[in-house]
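# Commentary on secondary and tertiary structure
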Amino acid sequence: MLLLVAPFASKAQTFVQAYADIVNQCSQNNITSSLTQFEALGVKRRGTAALQNTLDWLKNKYLSYGYTANQLQEFSYTYSGSSAVCKNLVVTKIGTTYPNTFLIICGHYDSIVGTGTNDNGSGVAAILEVARLLRNVPTEYSIKFINFSGEEDGLRGSQNYVSTVVNGTTPKMNIRLVFNLDEIGGVAGLINDTITCERDTSTPTSNNAASNAFTNQLITCTELYSPLNTFLSYAYASDYMSFQANNEVITGFFETNETTHRHTATDFLVNMDPVYNFNVAKAATGAALHFAVASTSPLNTVEQNDNLVTIFPNPATDELYLNLGTLPQSNYTFSLLDINGKTVFTQFVENAPLVKGFSVGHLQRGMYLGIVESEGKRITKKIVLE
């Protein structure tokens, strides 16, 4: 029985003041502004300028929060029956302890008839706010913020991502949890005080217990870090189902009072409750901090002068990987100094990727000082080879 629990075990859930301090920086103005801007971009159908303009808007949002160009990836795809090129946007934040295990926080940005301000500008607005608030917070697990296209055409974007990226990675991408936010804007004129938390009840069933456990954690996070009540239900018909079919563990948020304007030309902000959207964003932020196991140091004491650069694994044996963190995509030099201060390894990296591997199996076992030098900035890390 213990073996069943271990893969999705998490730290005990109690109120964490450091998490609340971050959640309380969630901005109603940001949520309302994102919804307004999203609506103004028009009908985001496949192959339209509006869909591309929304993608560009999303990229500029992430860059404005301090994410760097090398943390942003576009994945283009087409599918049978359409010649339109669609794109998924993935923003990666590398974890400090489990850099190769990912929390995916996702939602779609396409619409089918109207502007889709609730379905799914509401999820987009919340994801952007979570990404803004977590940008400088060290987390044990890596996070991928994913904005999918093609959801309204049958989960095309998420299906493509799972088949070509998740399963196309060697070894296959290790996903801790997929947290989907779709249609969380509420209904104007109603009391919107409850959010639906969704768990996997579908086949394959081998991931259902883990999904249920994480969804119960989501419920607790919502009650700890937002004023919302929760309603437990089942997952269906959104991008997390592409992952669910791949035997990944999923959870999600969906509005409890469901709009009647979904997939119509009247899916506008005026028919939503932006305060509810803000409260759901607070709950999502608290949950993201918990699921990614964020640092509990107060923000003003978290060391940021290293740009969140990490080197892993540490201790290492044959391979070292350097994550640039928030350093800008550029050239850098990576060096290793032994305990006598002698440079035993140095490599100049051009057009640096977010994560770069270095072979160190030929070096003597022991303690080293890793040095990253980029555009006048010098970052040092202690490294052990064993």
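Reading guide: rules and limits
- Residues numbered from 1 in each chain as written.
- Predicted model: local features only at pLDDT ≥ 70, side-chain atom pairs only at ≥ 80, totals over all residues.
- Heavy atoms only, no water.
- Pairing = 2+ DSSP bridges.
- Helix = DSSP H or I, 4+ residues; strand = E, 2+ residues; numbered from the N terminus.
- Axes fitted to C-alpha atoms, helices over the stretch in contact; angles between N-to-C directions.
- Contact = heavy atoms within 4.5 Å.
- Salt bridge = Lys/Arg side-chain N within 4 Å of Asp/Glu carboxyl O.
- Buried < 20%, exposed > 50% of the residue type's maximum accessible area, 1.4 Å probe, protein only.
- Parallel < 35°, antiparallel > 145°, perpendicular 65-115°, else oblique.
- Left-handed = near helix turned anticlockwise from the far one by under 90°.
- Nonpolar A, V, L, I, M, F, W, Y, C, P; charged D, E, K, R; others polar.

## Focus: the sheet that holds strand 9 (residues 310-312)
The three strands are arranged 9-10-13 in an open sheet whose pairing can be described as antiparallel. This sheet does not close on itself; its edge strands, each paired only once, are strand 9 and strand 13 (355-359). Taken over all neighbouring pairs, the strand axes of this sheet differ in orientation by 20 degrees on average, direction set aside.

## Things to note about the sheet that holds strand 7 (residues 229-234)
Pairing is mixed in the open sheet, where eight strands are placed in the order 1-2-4-3-5-8-6-7. Unpaired on one side and paired on the other, strand 1 (72-79) and strand 7 mark the two borders of the sheet. The mean inter-strand angle of the sheet, taken between neighbouring strand axes irrespective of direction, is 25 degrees. For strand 3 (residues 98-108) and strand 4 (residues 141-148), the ladder comprises eight bridges, and the chain directions are parallel. Residue pairing in the sheet places Phe102 in a bridge with Ser142 of strand 4. Each of strand 2 (82-93), strand 3, strand 4 and strand 5 (174-181) is contacted by helix 5 (residues 121-134), which is oriented at about 150 degrees to strand 4, the strand it contacts most. Relative to strand 6 (residues 194-199), helix 7 (residues 208-225) is tilted by about 165 degrees, and along the sheet it contacts strand 5, strand 6, strand 7 and strand 8 (250-255).

## Looking at the pattern of salt bridges
This model, assessed by the stated rule, comprises eleven salt bridges. Taking the shortest distance from any N to any O, the salt bridge between Arg262 and Glu258 comes out at 3.0 Å. With a relative accessible area of 28%, Arg262 lands in the partly exposed category. Members of the salt-bridge network, linked through shared partners, are Asp56, Lys59, Glu74 and Lys87.

## A word on the pairing of strand 10 (residues 319-323)
With three bridges joining them, strand 9 and strand 10 adopt antiparallel strand pairing. Across the sheet, the residue bridging to Phe312 is Tyr321, located in strand 10. Joining the antiparallel neighbours strand 9 and strand 10 is a turn of six residues. Sheet topology note: the strand 10/strand 13 ladder contains five bridges and is antiparallel. Opposite Leu322, over in strand 13, you have Lys356 as the bridge partner.

## Concerning the side chain of Asn208
Positionally, Asn208 belongs in helix 7. Contact partners of Asn208, with chain neighbours within four places excluded, come to Asp200, Thr201 and Ser202.

## Structural notes on the packing of helix 3 (residues 28-40) against helix 4 (residues 49-64)
When two helices pack together, their arrangement is given by the angle between the helix axes and by the axis-to-axis distance. One can describe the packing of helix 3 onto helix 4 by two numbers: an axis separation of 10 Å at closest approach and a directional angle of 155 degrees. Considering the angle they form, helix 3 stands roughly antiparallel to helix 4. The two elements helix 3 and helix 4 cross, and the hand of that crossing is right-handed. Of the residues in helix 4, those touching helix 3 at Ser34, Gln37 and Phe38 are Thr54, Trp57 and Lys61. Class assignment for the residues of the contact of helix 3 with helix 4 results in two nonpolar, three polar and one charged.

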